[in-house]
Amino acid sequence: MIKYILKRLMYILLALFVIVTVTFFLMRLAPGSPFASERNFPPQIEEKLNETYGLNNPWYIQYKDYLIDTATFNFGESMKYKARSTNDMISESFPVSLTLGIEAMLLAIGFGVLIGVVSALYHNKFPDYLATSFAVLGISVPSFILAGLMQYFLAFKLGWFPISGWKGFVYSILPALAIAFSHMGFIAKLTRSSMLEQNNSEYVKMARAKGIGKWTIVFRHTLRNALLPVVTYIGPLTAGVVTGSFIVEQIFAIPGLGKHFVQSITNRDYTVIMGTTVFYSIILLFAVLIVDILYSVIDPRIKLKGAKK
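The structure displayed is predicted, hence computed values, not measured ones.

Asks: I tried to follow the overall build of the chain on my own but got confused; where do I start?
Replies: Within the chain one finds 13 helices and 0 strands. Going from N to C terminus, the chain has its helices and strands arranged as α-α-α-α-α-α-α-α-α-α-α-α-α. Classification of the 309 residues of the chain by burial places 43% in the buried group. Contacts in the chain between residues at least 24 apart in sequence constitute 75% of all its contacts with a sequence separation of at least 6. By element, 68% of the accessible surface of the chain is carried by carbon and sulfur atoms, the whole surface being about 16,900 Å².

Following this line, the structure appears as structure tokens:
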């Protein structure tokens with residue numbers, strides 16, 4: 001296990017190097033500069049700003065500096081916001097996105113697995129049709145459309161929830177539901193398909209022949225094996241919801257990480273783009289690593305390549 005984790009950490013470092021390199025050159029190939037929209041700047045001041053942030057240096061010098069800064073997790077000062085470092089912006093906004101993301105994940109996984117199990121147990125019956133329709137609706141409706149509808153009807157019309165802002169738990173309910181709904185539908189479909197496959201296996205037929213109740217079979221036998229496809233999906237799901245769904249955060253005026261990520265691209269704020277991209281990539285890569293380790297925990301028959309047998 002330790003050998004496998006060390007090997008994967010080396011791959012993570014290699015992947016981060018590729019991500020940083022690709023992001024750097026894509027930014028350099030894009031037209032314009034971070035100060036192009038500042039029409040009131042005289043050419044001398046813009047030249048001084050380019051010199052301050054090293055934009056006048058040859059590309060290989062800038063590339064070297066980016067690699068060193070990334071390796072030390074020093075993403076530099078924002079080029080658009082005075083006296084604001086990228087690290088500070090991430091540290092301030094990430095806890096908000098993390099809170100919202102964890103809440104959305106719990107809703108998506110909990111209700112998604114439950115709906116999938118009920119759908120499989122009542123295959124080709126009314127609960128199955130109802131659950132399948134709910135799952136397809138969740139997959140089909142974009143989160144920002146659902147966010148706007150919930151904001152209008154549940155918050156504005158009925159007044160059950162705040163319309164926007166971030167001042168307590170009640171403010172997180174609607175955005176968490178909007179983020180979780182599509183993931184919930186996808187997890188329900190995965191769970192249903194996997195459960196149906198497990199229900200036709202020999203060990204389940206044997207358990208039924210022994211007179212064991214269907215819910216006992218679910219919790220003792222089928223669910224554990226059926227969760228493997230769900231665990232696969234949890235890796236990218238974790239990175240996506242934890243770092244923030246930027247459209248939903250914008251709709252509900254939530255000061256999360258997604259807001260800075262979108263604004264940095266619009267503003268051509270190189271340092272913030274690099275910082276948020278690397279930060280997002282680290283979370284995604286480690287989430288995938290944790291998922292691979294969970295495979296062997298959920299199903300001991302799966303052996304990790306490189307782990308001791």
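Having seen the model, we can carry on.
Asks: Sorry if this is basic, but what is going on with a nonpolar patch on the surface here?
Replies: Taken together, the side chains of Phe144, Ile145, Leu149, Tyr152, Phe153, Phe156, Ile163, Phe246 and Ile247 present a nonpolar region at the surface, about 820 Å² in accessible area. Every element with two or more residues in the nonpolar patch is listed here: helix H6 (143-157) and helix H11 (246-251). On the basis of relative accessible area, tyrosine 152 is assigned to the partly exposed category, the value being 38%.

Asks: Sorry, what's going on with the nonpolar core here?
Replies: Note that soluble globular proteins tend to have their nonpolar side chains buried in a common cluster. Among the nonpolar cores identified, the biggest contains 39 residues, and Val117, Ile187 and Met195 are the most heavily contacted of them. Mapped by element, the contributors of at least two residues to this core are helix H4 (86-121), helix H5 (126-140), H6, helix H7 (173-199), helix H9 (214-226) and helix H10 (228-242). For methionine 195, the contacting residues outside a window of four places in its chain are Val117, Ala120, Val218, Thr222, Leu223 and Ala226. By size, the runner-up hydrophobic cluster in this structure holds 22 residues, among which are Leu55, Tyr270, Ile283 and Leu285.

Asks: Would you mind going over the side chain of glutamine 151 with me for this structure?
Replies: The topology assignment puts glutamine 151 in helix H6. Overall, the relative accessible area of 15% leaves glutamine 151 in the buried class. Of note is the side chain of glutamine 151, whose polar atom sits 3.3 Å from the backbone oxygen of isoleucine 251. The residues touching glutamine 151, leaving out its near neighbours within four places in the chain, are Phe156, Ile163, Ser164, Ile251 and Phe252.

Asks: What exactly am I supposed to notice about helix H3 (residues 59-71) here?
Replies: Because each turn of an α-helix spans 3.6 residues, side chains separated by three or four positions end up pointing in the same direction. With 13 residues, H3 ought to run about 18 Å at 1.5 Å a step, and its terminal C-alpha atoms sit 18 Å apart, in line with that. Within H3, the full set of buried residues consists of Gln62, Tyr63, Tyr66 and Thr70. Viewed along the axis of H3, the buried residues span an arc of 100°, placing them on a single side of the element. Looking one or two residues past H3, phenylalanine 73 carries a phi angle of roughly 55°, positive in sign.

Asks: Mind showing me how you'd approach unusual backbone geometry here?
Replies: Positive phi outside glycine occurs at phenylalanine 73, with the angle close to 55°. One can find phenylalanine 73 in the loop between H3 and H4.

Asks: Explain the packing of H4 against helix H12 (residues 257-267) to me, please; I cannot follow it from the model alone.
Replies: Closest axis-to-axis distance for the H4/H12 pair is 7 Å, and the angle between their directions is 130°. By the angle between their directions, the pair H4 and H12 is classed as oblique. In contact with Met89, Ile90, Ser93, Phe94 and Ser97 of H4, H12 contributes Leu257, Gly258 and His260. Across the contact of H4 with H12, the residue classes break down as 4 nonpolar, 4 polar and no charged.

Asks: I would appreciate a short explanation of empty space enclosed by the protein in the present structure.
Replies: Following the criterion strictly, the structure yields 1 cavity of 30 Å³ or more and no others. Counted as a void, the largest cavity has a volume near 30 Å³. In terms of lining residues, the largest cavity is bounded by Phe161, Pro162, Ile163, Ser164, Gly165, Val170, Tyr171, Leu174, Pro175 and Phe252. By residue class, the composition of the lining of the largest cavity is 8 nonpolar, 2 polar and no charged.

Asks: Teacher, can you tell me more about the pattern of salt bridges here?
Replies: Between side chains of opposite charge, pairing is possible as soon as their charged atoms come close. For the structure on display, the rule yields 2 salt bridges. Close ionic contact of aspartate 65 with lysine 64 constitutes a salt bridge, the shortest N to O distance being 3.1 Å. Classification of lysine 64 by relative accessible area gives partly exposed; the value is 39%. A salt bridge links arginine 192 to aspartate 128; the shortest N-O distance between them is 2.9 Å. With arginine 192 in helix H7 and aspartate 128 in helix H5, the pair connects residues that are 64 residues apart, well separated along the chain. In this pair, the class of arginine 192 matches that of aspartate 128, namely buried.

Asks: Help me understand the environment of leucine 149 in this model?
Replies: Structurally, the position occupied by leucine 149 is in helix H6. By relative accessible area, leucine 149 is classed as partly exposed at 41%.

What counts and how
- Residues numbered from 1 in each chain as written.
- Predicted model: local features only at pLDDT ≥ 70, side-chain atom pairs only at ≥ 80, totals over all residues.
- Heavy atoms only, no water.
- Helix = DSSP H or I, 4+ residues; strand = E, 2+ residues; numbered from the N terminus.
- Buried < 20%, exposed > 50% of the residue type's maximum accessible area, 1.4 Å probe, protein only.
- Contact = heavy atoms within 4.5 Å.
- Areas by Shrake-Rupley, 256 points an atom, 1.4 Å probe, with all protein chains shown as cover.
- Patch = residues over 30% accessible without salt bridge, like charges linked within 9 Å, V, L, I, M, F, W, Y side chains within 5 Å.
- Salt bridge = Lys/Arg side-chain N within 4 Å of Asp/Glu carboxyl O.
- Core = buried A, V, L, I, M, F, W, Y, C linked by side-chain atoms within 4.5 Å.
- Polar contact = N/O pair within 3.5 Å; in protein donor to acceptor, adjacent residues only side chain to side chain.
- Expected span 1.5 Å × (residues − 1).
- Arc of directions from axis to C-beta.
- Axes fitted to C-alpha atoms, helices over the stretch in contact; angles between N-to-C directions.
- Parallel < 35°, antiparallel > 145°, perpendicular 65-115°, else oblique.
- Nonpolar A, V, L, I, M, F, W, Y, C, P; charged D, E, K, R; others polar.
- 1 Å grid on protein atoms, 1.4 Å probe; cavity = no way out; pocket = protein on both sides within 12 Å on 5 of 7 lines; lining within 4 Å.
- Points joined across faces, edges and corners; volume = space filled by probe spheres on them.

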